[in-house]
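Understanding the architecture of this molecule
Here's the letter readout for the chains.
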Amino acid sequence: MPGSGAGNDVPEVGTGLPVAPETSVMPLTASLVDSIGTLDPLPLTAQRLIQVVADEDSSFEDIVRVVEHDPAVGANVLRLANSTLYAGRFKVERLRDAVIRLGPATLMEIALGGYLKRVSCKAPMYDLSEDELFMHSAVASLAIQEISREASEVIPPTASLAALLHDIGKLIMARFQKVSAADVTRICEEKGVSFTEGERLLFGCDHAEVGGAIARSWDFPAGVVEAIERHHDFPLKSGSISLDAVVAANYIAKTIGVGLGAEGLNLKLDQDCLRRLGLEFDKFCRVCARTSARVEDLRRAYGLA
Ligand SMILES: [Fe+2]
Ligand SMILES: [Fe+2]
């Protein structure tokens, strides 16, 4: 286990790959930067919610107002608040009660969920179907909720947004880099590197860096950009709690088998990230189990069951 010898650590996955130097963001090629502009713009409600949730001075009423102004989002908020994924003892009928039940992170998921499903494309380079790509992101976001219950640190609500969008760079890579999953895995085996390192060897950048560039082009808060851009950094010596949470959430989604694709478990997790979150082995296992138990409800909530 890198950086540890403790027997209580989360077992490392991967195959004893050489330790890569801590990654640094490289400039993207002009064609990749151009292709980012071809993504559909974010829905207005999602843009507003992101800004309101990230603003420490905004109030609960500000959030309710954003949701009230979008009838489609409002209807989905009510539907999800009464779904098996979130249902409480009582049915909620007022929008503001549904907003209280779901919380800001889930509201952002609703505002972005339709968008992500719409822009998701088959990603043969990652050996992921559209639904798998979407579910992996949605489950990572769900894992953030469960991490929040166990972690010793307070997880900011924007971490959920970053988790939901952490692999957005894969959309651009899959659309514009015409290689197969076998091409990437071949170079990984030849060089003995992780899947992300394989991307970097082939293209000069990886999907996390592309995702960071997308988030920056959408004017996302700096913490969200960082969490998306650095979610495959290894070792992860420094970073925000949001970044640590997203790294852990990605790992948890993979550990419970959602969105494995060609990368599989050929990724590395810096144990310091879990330590900073206060997620010891038993807590990590509980987060995995609780997240896994909610996956089918999540599929149903998004019409993928
Ligand atoms: Fe990723
Ligand atoms: Fe991921």
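On a predicted model such as this, the values are computed, not experimentally measured, just so you know. (Residues numbered from 1 in each chain as written. Chains lettered and ligands numbered in written order. Predicted model: local features only at pLDDT ≥ 70, side-chain atom pairs only at ≥ 80, totals over all residues.)

1. Side note on the overall build of the protein
Secondary structure assignment for the protein yields 15 helices and zero strands. Projected onto its principal axes, the C-alpha coordinates of the protein cover approximately 60 × 45 × 40 Å. Of all 305 residues assigned to the protein, the portion counted as buried reaches 47%. The long-range fraction of contacts in the protein, counting pairs at least 24 apart against all pairs at least 6 apart in sequence, stands at 73%. (Helix = DSSP H or I, 4+ residues; strand = E, 2+ residues; numbered from the N terminus. Buried ≥ 20, exposed ≤ 12 C-beta atoms within 10 Å, placed from the backbone. Contact = placed C-beta atoms within 7 Å.)

2. What to know about helix α13 (residues 241-255)
Note on helix geometry: an α-helix contains 3.6 residues per turn, so any two residues three or four positions apart are oriented the same way. Its 15 residues give α13 an end-to-end C-alpha distance of 21 Å, which sits within 8% of 21 Å, the value for a rise of 1.5 Å per residue. Most of α13 sits out of view: 14 of its 15 residues are buried. (Expected span 1.5 Å × (residues − 1).)

3. Description of the confidence of the model for the protein
Residues with a pLDDT of 70 or more make up 91% of the protein, whose mean pLDDT is 85. Note on residues 1-7: pLDDT is under 50 here. Beyond four places in sequence and across chains, it has 13 contacts. (pLDDT = per-residue confidence, 0-100.)

4. Re the nonpolar core
Val77, Leu107, Met108, Ala143, Ile147, Ala248 and Ala249 are the most contacted members of the largest nonpolar core, which totals 91 residues. Once residues within four sequence positions are removed from consideration, alanine 248 is found in contact with Ile147, Cys273, Leu274, Leu277 and Leu279. (Core = buried A, V, L, I, M, F, W, Y, C linked by C-beta atoms within 7 Å.)

5. Some points on unusual backbone geometry
The step from phenylalanine 234 to proline 235 runs through a cis peptide bond, and the omega angle for that step is -5 degrees. Inspection of the secondary structure assignment puts proline 235 in the loop between α12 (222-229) and α13. The phi dihedral of aspartate 127 is positive, around 55 degrees, even though this residue is not glycine. Its identity is not glycine, yet aspartate 219 carries a phi of approximately 60 degrees, on the positive side. Within the element layout of this structure, aspartate 219 appears in the loop between α11 (207-217) and α12.

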